Amino acid sequence: MYVDIHTHLTHERFAHDVDAVVARARTAGLGAIMVNGLEPVSNRAILELAKTHDIVEPALGLYPVDAVCHLLPDDFTLRVNRFDVDAEIAFIRSMAGAGRLSAVGECGLDGHWLGPETFPEQERVFEELIGIAMEYRLPLIIHTRKRERRCAEILRHSGAQKVDFHCYGGKAKQALRWAHEDGWWFSIPANARRNEAFAKLLRELPQARVLTETDAPYMSAKPGERSEPAAVVDTVALLAELRGWTVEQAREQVWTNYQSLRGPPGQDQL
Ligand SMILES: [Zn+2]
């Protein structure tokens with residue numbers, strides 16, 4: 001089966017047809033769609049979505065920009081609602097404790113939209129979320145932009161092993177090293193055919209560390225179009241092309257990798 005490990009089906013662009021989008025993913029052969037949360041509204045919507053769609057796997061988290069909503073100026077570039085961040089961390093912990101989560105995410109650090117004055121608070125929230133994932137043995141789905149090395153330091157220091165970097169935009173060489181040395185996973189979005197860095201990761205990551213995602217509605221294979229989970233099928237086809245595998249081999253490998261990210265630590269091999 002195919003897997004989309006990072007998507008945003010609670011985005012307003014799916015509001016009118018989310019059931020059809022999930023149905024298309026199922027028809028395309030997906031066995032799991034991990035819908036990732038950003039802040040209180042999406043976190044709750046994901047739990048609802050998971051009740052009605054058995055292939056939806058809920059990941060709750062705090063996007064680094066939302067995590068510092070109280071530090072942002074009123075005229076900040078992105079539209080960000082303020083909320084009680086510590087209450088949301090407590091909510092995520094309670095849902096993890098109740099066995100309702102498949103992962104913690106997205107979470108991480110951002111140095112693209114945000115400046116250094118926000119870094120200590122970003123890191124505090126990130127560390128809290130890592131703590132929840134480790135306490136309940138859940139994978140972490142990581143967002144990082146321009147803060148890759150610091151993210152890795154914090155993850156390493158915490159001893160986190162079940163880690164997937166989503167849409168990793170740092171140096172490919174560094175990602176390959178972390179996959180080998182730290183055993184972390186990397187999920188590649190649907191635009192890899194027109195993005196040499198993602199194609200390189202598909203080609204060169206240890207085969208047991210490759211995952212697929214869409215970040216839908218973003219990161220579409222066709223610029224400007226809305227992406228959706230079924231788009232992972234073409235990323236797997238590309239993986240097969242780049243490695244000289246059959247599509248079935250590529251699909252099975254990624255599905256096995258997904259299972260090992262979800263499973264108990266220490267049993268997965270590179
Ligand atoms: Zn995302």
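In case you missed it, the structure is sitting above this.
In short, a report on the structure. Remember, predicted model here, so these are calculated numbers, not experimental data. (Residues numbered from 1 in each chain as written. Predicted model: local features only at pLDDT ≥ 70, side-chain atom pairs only at ≥ 80, totals over all residues. Heavy atoms only, no water.)

### As for the coordination of the zinc ion
Turning to step 1, where the next piece is worked out: Those protein atoms acting as donors to the zinc ion are H6 (NE2), H8 (NE2), E106 (OE) and D215 (OD), and they sit at 2.1 to 2.4 Å.
Turning to step 2, where the next piece is worked out: Angles of 82 to 170 degrees at the metal separate the 4 donor atoms of the zinc ion, which places the site in the irregular class.
Turning to step 3, where the next piece is worked out: In primary sequence terms, the donor set of the zinc ion follows H-x1-H-x97-E-x108-D. With E106 in strand 4 (residues 103-110) and D215 in the loop between strand 8 (210-212) and helix 9 (232-243), the pair connects residues that are 109 residues apart, well separated along the chain. (Donors = N, O, S within 2.8 Å, 3.2 Å for Na, K, Ca; no water. Tetrahedral: all angles 85-135°; square planar, octahedral: opposite > 155°, others 65-115°. Helix = DSSP H or I, 4+ residues; strand = E, 2+ residues; numbered from the N terminus.)

### Description of the sheet that holds strand 6 (residues 163-166)
Turning to step 1, where the next piece is worked out: With parallel pairing, 8 strands are arranged side by side in an open sheet as 1-2-3-4-5-6-7-8. A single partner strand is all that each edge strand has here, and the edge strands are strand 1 (2-7) and strand 8. Here the strands of the sheet are splayed against their neighbours by 30 degrees on average, with no regard to which way each runs.
Turning to step 2, where the next piece is worked out: Against the sheet, helix 10 (residues 247-262) makes contact with strand 1, strand 2 (30-36), strand 3 (56-60), strand 6, strand 7 (185-188) and strand 8, and its axis sits at roughly 50 degrees relative to strand 1, the strand it touches most. (Pairing = 2+ DSSP bridges. Axes fitted to C-alpha atoms, helices over the stretch in contact; angles between N-to-C directions. Contact = heavy atoms within 4.5 Å.)

### Considering unusual backbone geometry
Among all residues except glycine, the phi angle is most often negative; among peptide bonds, the trans geometry is most common.
Turning to step 1, where the next piece is worked out: The peptide bond linking G105 to E106 adopts the cis configuration, its omega dihedral lying at 5 degrees.
Turning to step 2, where the next piece is worked out: The step from A216 to P217 runs through a cis peptide bond, and the omega angle for that step is 15 degrees.
Turning to step 3, where the next piece is worked out: If you trace the backbone, P217 turns up in the loop between strand 8 and helix 9.
Turning to step 4, where the next piece is worked out: One non-glycine residue, K146, lies in the positive phi region at around 65 degrees.

### Quick notes on helix 7 (residues 172-181)
Turning to step 1, where the next piece is worked out: Listing the buried residues of helix 7 in full gives A172, Q174, A175, L176, W178 and A179.
Turning to step 2, where the next piece is worked out: Where the residues of helix 7 are buried, they touch helix 6 (148-158), strand 6, strand 7 and helix 8 (196-204).
Turning to step 3, where the next piece is worked out: Within two residues after helix 7, G183 carries a phi angle of roughly 75 degrees, on the positive side. (Buried < 20%, exposed > 50% of the residue type's maximum accessible area, 1.4 Å probe, protein only.)

### Section: the environment of E196
Turning to step 1, where the next piece is worked out: With respect to the helices, strands and loops of the structure, E196 is situated in helix 8.
Turning to step 2, where the next piece is worked out: For the pair E196 and Q122, spaced 74 residues apart in sequence, the C-alpha separation works out to 30 Å.

### Observations concerning the pairing of strand 7
If a strand is regular, its side chains alternate between the two faces of the sheet.
Turning to step 1, where the next piece is worked out: Burial along strand 7 is two-sided: the face carrying W185 and S187 and the face carrying F186 and I188 are both buried.
Turning to step 2, where the next piece is worked out: Both strand 6 and strand 7 contribute to a ladder of 3 bridges, which runs parallel. When the bridges of strand 7 are listed, F165 appears paired with F186.
Turning to step 3, where the next piece is worked out: Note that the unit made of strand 6, helix 7 and strand 7 has a crossover that is right-handed.
Turning to step 4, where the next piece is worked out: Here strand 7 runs beside strand 8; their pairing, made up of 3 bridges, is parallel. Directly across from I188, in strand 8, lies its bridge partner T212.
Turning to step 5, where the next piece is worked out: For the handedness criterion, the β-α-β arrangement of strand 7, helix 8 and strand 8 is classed as right-handed. (Right-handed = clockwise from strand over helix to strand, strands pointing away.)

### What about the side chain of D66?
Turning to step 1, where the next piece is worked out: Relative to the elements of secondary structure, D66 occurs in helix 3 (residues 64-67).
Turning to step 2, where the next piece is worked out: No salt bridge is formed by the buried D66, whose closest oppositely charged neighbour, R79, lies at an N-O distance of 8.9 Å. (Lys, Arg positive; Asp, Glu negative; His and termini not counted. Salt bridge = Lys/Arg side-chain N within 4 Å of Asp/Glu carboxyl O.)

### Section: the state of the cysteines
Turning to step 1, where the next piece is worked out: Within this structure, the stated rule accounts for 0 disulfides.
Turning to step 2, where the next piece is worked out: Here C69 is not cross-linked by a disulfide; its sulfur's nearest cysteine counterpart is in C107, at 16 Å.
Turning to step 3, where the next piece is worked out: Note on C69: relative accessible area 1%, which makes it buried.
Turning to step 4, where the next piece is worked out: No disulfide involves C151; its sulfur sits 8.0 Å from that of C107, the nearest cysteine. (Disulfide = S-S within 2.5 Å.)

### Comments concerning the packing of aromatic side chains
Turning to step 1, where the next piece is worked out: A full pass over the atoms with the stated rule returns 8 aromatic pairs.
Turning to step 2, where the next piece is worked out: Taken together, a centroid distance of 5.7 Å and an interplanar angle of 45 degrees make the contact between F165 and W184 tilted. One end of the pair, F165, is in strand 6; the other, W184, is in the loop between helix 7 and strand 7, with 19 residues separating them in the sequence. The same class applies to F165 and to W184, which are both buried.
Turning to step 3, where the next piece is worked out: Each residue in the set F165, Y168, W178, W184 and F186 is aromatic and connected to the rest through ring pairs, giving one cluster.
Turning to step 4, where the next piece is worked out: When the ring centre of F119 is taken as origin, the NZ or CZ atom of R147, which lies over that ring, is 3.7 Å away. (Phe/Tyr/Trp six-rings, centres within 6.5 Å; stacked < 30°, edge-to-face > 60°. Lys NZ or Arg CZ within 6 Å of the ring centre and 35° of its normal.)

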